[in-house]
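A structural walkthrough
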Amino acid sequence: MAAETKRERARSSIRTLRAEDAHAVTEILREAREAVFWPESSVKEALGWQGALALATEASGRLRGFLIGRQAGDEAEILNLAVEMKTRRRGEGGVLLKAAVNEFRARGVSRVFLEVRESNEAGVAFYGKHGFSKVGRREGYYQDPEEAALVMEKKFAG
Ligand SMILES: CC(C)(COP(=O)(O)OP(=O)(O)OC[C@H]1O[C@@H](n2cnc3c(N)ncnc32)[C@H](O)[C@@H]1OP(=O)(O)O)[C@@H](O)C(=O)NCCC(=O)NCCS
C-alpha cells in the first residue's frame, strides 16, 4: 500500500503522445467534462495532422495528462488538454502547456490561441496564469451542453 502510494506520487515525465495512448486519452477525457470528448479514432487522426503537436505526461507507465495542438502558419491552437482528475492541481497541466508554448515559439509562431468553455473557471484561471488573455467570445460554440467559448491568446513579442 505504501509502495503503491509512493508510485502514485512518482514524478511524471513528458514525451510525445503516440497512437497507442489513444485509449488512455479517452479515459482521461471521460472524466474531463469541461473538455471536448474525442473518441480514439479522432485522437489517432490528430497525430497525423500537418503542424500537429501532441504531448503526454506519464508516470509509472500511466498517462496522467495530454495536450494536442496544431500550428498553421505563424499561429498555433491548443485543441485539447486534460489531466486525469486525481492528479490535477499538481503542475501536470502547466508542464504540458509550457512545453507546447515553447515548442510553438521555437517553430516561429507569433500567437497561440484556444477556446475554453465560459463556465470553466479552472481552465480560464489556468490559462490566465500562463499568460493567456481573453480576446473574444463565440456564442454557442460548444454542444452538450450548449455554451459559449471564450477565446484566449498568448502573443510573442518580436
Ligand atoms: C485545466 C487543467 C488541464 C489544468 O491542469 P492541472 O494539472 O490541474 O493544472 P496545474 O496544476 O498546472 O495548475 C496551474 C494553475 O492553474 C490554475 N488552476 C488549475 N486548476 C484550478 C482550479 N480548479 N481552480 C482555480 N484555478 C485552477 C491555478 O492558477 C493553478 O496554479 P496554483 O495551483 O498555483 O493555484 C485541468 O484542470 C483539467 O484537465 N481540466 C479539465 C479539462 C479542461 O478544462 N481542459 C482545458 C480546456 S480544453
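Above this text sits the structure in question.
Scope of this entry: the structure provided in the associated data block.

Cut-offs applied
Residues numbered from 1 in each chain as written. Predicted model: local features only at pLDDT ≥ 70, side-chain atom pairs only at ≥ 80, totals over all residues. Helix = DSSP H or I, 4+ residues; strand = E, 2+ residues; numbered from the N terminus. Buried ≥ 20, exposed ≤ 12 C-beta atoms within 10 Å, placed from the backbone.

1. Quick word on unusual backbone geometry
The omega torsion of the bond from aspartate 144 to proline 145 falls at -5 degrees, within 30 degrees of zero and hence cis. Note on placement: proline 145 falls in the loop between strand 6 (133-142) and strand 7 (147-155). Of note in the backbone geometry, serine 60 takes a positive phi value of approximately 50 degrees without being a glycine. Mapping serine 60 onto the fold places it in the loop between strand 2 (52-59) and strand 3 (62-72). Even without glycine at this site, aspartate 144 takes up a positive phi of about 50 degrees. One can find aspartate 144 in the loop between strand 6 and strand 7. Among the residues examined, aspartate 144 registers 8 C-beta atoms within 10 Å and is labelled exposed.

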